[in-house]
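Below, each chain spelled out in residue letters.
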Amino acid sequence: MEMDTRSEHKESHNTNNVCDEEITVDWRGKPSNPNKHGGMRAASFVLGLQTFEIMGIAAVGNNLITYVINEMHFPLSKSANIVTNFVGTIFLLALLGGYISDSYLGCFWTVLIFGFIEFSGFILLSVQAHLPQLKPPKCNMITDGDQCVEAKGFKALIFFMALYLVALGSGCVKPNMIAHGADQFNKNDSKQSKKLSSYFNAAYFAFSLGELVALTLLVWLQTHSGMDIGFGVSAAAMALGLISLVCGTIFYKNKPPRGSIITPIAQVFVAAIMKRKEENPSDPQLLHGIQGKIPDANATTAYDVGHPHYTNRFRFLDKACIKTGAENNMNESAWRLCTVNQVEQVKTLIIVVPIFACTIVFNTILAQLQTFSVQQGSSMDTQLTKSFHIPPASLQAIPYIILIFLVPLYDTFFVPFARKITGHESGISPLRRIGFGLFVATFSMVAAAIMEKKRRVAAVESNEIISIFWIAPQYLIFGLSEMFTAIGLIEFFYKQNIKGMQSFLTAMTYCSYSFGFYLSSVLVSLVNKITSNSSSRGWMGENDLDDDRLDLFYWFLAVLSLLNFVNYLFWARWYNRSMPSVIDTKPEFDSKSVKANYVGDEMA
């Protein structure tokens, strides 16, 4: 993966050389005090919420397919799509949460309000699972599948209402609790910027700890005490998370909402379209908002001439800030004349979209581990001792057992060591971290395909049920992959030079999960349709893994993941070429010396 020192330096410049530190206030709306507010102490309360929230939602999501099949009596392929659509909706709604937070409520109030909505969804799920009147008659889907009555009408309505209350709450909470914790650090300060990187690793540690508890203790409770008890415990975990959030109120520094974040973006496109016939000026000094002397408008570098930085990318958008004779009046409508800073932020949004898109296939793989892999475990030998059987959904805890030890070691030893070599505050750049994770994810599907082939052959040809631990490698490999990709992506987006949109940018990373899970649903249906014939209903259409060909579907995803990694390499290099290089700022510029510095930087 060709991402050299220059590209890492570019990333560091783009993320840290932000215009000014944003204004922050305390819980009473007064200016925050750096000695009393913010820092890791304040962030630790948010980490508590992250731990308990993921504990509650993971216990529901990771074992939901078992409940949907065994209690609600939906067929396998439909159940898998219910789960993936539910998880996909959670992450799609993250965009709504990010927009509400940045525009109107701020992170704290958004998390608090939608946290209570998620809490109410957990309670309704528990009630629905407890009352027989709200479920179809009991039936064994394995032995009497054709006679089982699928949940419909009012029973299905209550179930989906509860499920999507959880989705709405969790979707709006997720990006804002990450952003609220990150807001406790000043990313313009070099020391705090390093702590910010450590916070992202700590956030993943909290995530791993919550997942581990959910996939062991809570899933065990669901299996042995009933799903109603399990859903009730998820509600209790969410309540503890909200308590943790509220307890840190006096320590937080909060970023006030800035009004609609969509309007400034729309203004750029409207103004650019209205001035589409205008010629881009040869002198960027004619653009609205440029201050100081600019040496060369044709260079691909950014210049510190006051604020903001002007770059020579996507020049069609520059038309939005071209000053004409009639627009020298400062009262000109913002829908006709935008600032360079406004245009540059829109350019940044455009340029990060391909990086975001490259993680969609990664999350499609994650969807399989929460659906079909759980069903694999259900058809295997789950006995650990004479009296103890492993819940199939608990296998997803395997990578998190490793990661709760690996993440602290990564942050404590690897990051300082790598920082000395690369000079990057995070040890390795977020782009490198994402790329490594995407590459490793391919091997998770390879391991899954090999194991499923072994399981199916043993069951069909030898009537043998192999141990559930055979599917552990695919979870372990993906867990390692997720540690790099997920946190690298959040750090990459949060540190982009777009003022006042950190929650929305963080939400974009969760939106990748959404598209990945929706793509999973599409691929399952499409592959079933393509592979079906007169004698078969497709690779995953028989509701019986011994008759299905899940191994071939896993091989298909492995190939798709490898192609996606190659695609990522292209867009990562394009991002580095498109982002501005770092130029030392001086009161006056000499165009020849600037060009010489840029050429030298290219050769570094």
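Note that this is a predicted model, so its numbers are computed, not measured.

Enquirer: Explain the environment of Leu112 here, please?
Expert: Tracing the backbone shows Leu112 in helix α6 (residues 107-130). Taking relative accessible area as the criterion, Leu112 reaches 14% and is therefore assigned buried. Taking C-alpha positions, Leu112 is 10.0 Å from Asn176, a pair spaced 64 residues apart along the chain. The contacts of Leu112, once residues within four sequence positions are left out, are Leu242, Leu245 and Val246.

Enquirer: How do you make sense of helix α4 (residues 76-92) when you look at a structure like this?
Expert: In an α-helix, one full turn covers 3.6 residues, which means residues spaced three or four apart are oriented alike. Helix length check: α4, at 17 residues, gives a terminal C-alpha distance of 24 Å against a target of 24 Å (1.5 Å per residue), a fit within 8%. Across the 17 residues of α4, 13 count as buried, placing the element largely inside the fold.

Enquirer: How should I be thinking about the packing of helix α11 (residues 340-357) against helix α16 (residues 472-494) in this particular structure?
Expert: Helix-helix packing is characterised by the crossing angle of the two axes and by the distance between the axes. Following both chains from N to C, one finds α11 and α16 inclined at 175°, their axes separated by 12 Å at the closest point. Relative to α16, the element α11 is oriented roughly antiparallel. Between α11 and α16, the residues in contact are Val352, Ile355 and Phe356 and Leu489, Phe492 and Phe493, respectively. Class assignment for the residues of the contact of α11 with α16 results in 6 nonpolar, no polar and no charged.

Enquirer: Explain the packing of α6 against helix α7 (residues 153-182) here, please?
Expert: At their nearest, the axes of α6 and α7 sit 7 Å apart, and the two run at 150° to each other. As far as their axial angle goes, α7 and α6 are roughly antiparallel. As for how α6 packs across α7, the hand of that crossing is left-handed. Partitioned by chemical class, the residues of the contact of α6 with α7 number 20 nonpolar, 9 polar and 2 charged.

Enquirer: Explanation requested: the side chain of Glu491 in the structure shown.
Expert: Relative to the helices and strands, Glu491 resides in helix α16. Beyond its immediate stretch of four places on either side in the chain, Glu491 contacts Ser197, Phe200, Ser426, Pro430 and Arg433.

Enquirer: Looking at this structure, how should I read empty space enclosed by the protein?
Expert: One simple way to see leftover space: roll a probe sized like a water molecule over the atoms. Considering all chains together, one arrives at 4 cavities of 30 Å³ or more under this definition. Within this model, the largest cavity holds a volume of roughly 550 Å³. Considering the residues around the largest cavity, the lining is formed by 35 residues, among which Ile54, Phe91, Phe207, Glu211 and Glu482 are closest to the centre. Looking at the lining of the largest cavity, the elements that each hand over two or more residues are α2 (39-61), α4, α7, α8 (190-225), α12 (360-369), α14 (398-422), α16 and α17 (502-531). Of all the elements, α16 adds the most residues to the lining of the largest cavity, at 7 residues.

What counts and what doesn't
- Residues numbered from 1 in each chain as written.
- Predicted model: local features only at pLDDT ≥ 70, side-chain atom pairs only at ≥ 80, totals over all residues.
- Heavy atoms only, no water.
- Helix = DSSP H or I, 4+ residues; strand = E, 2+ residues; numbered from the N terminus.
- Buried < 20%, exposed > 50% of the residue type's maximum accessible area, 1.4 Å probe, protein only.
- Contact = heavy atoms within 4.5 Å.
- Expected span 1.5 Å × (residues − 1).
- Axes fitted to C-alpha atoms, helices over the stretch in contact; angles between N-to-C directions.
- Parallel < 35°, antiparallel > 145°, perpendicular 65-115°, else oblique.
- Nonpolar A, V, L, I, M, F, W, Y, C, P; charged D, E, K, R; others polar.
- Left-handed = near helix turned anticlockwise from the far one by under 90°.
- 1 Å grid on protein atoms, 1.4 Å probe; cavity = no way out; pocket = protein on both sides within 12 Å on 5 of 7 lines; lining within 4 Å.
- Points joined across faces, edges and corners; volume = space filled by probe spheres on them.

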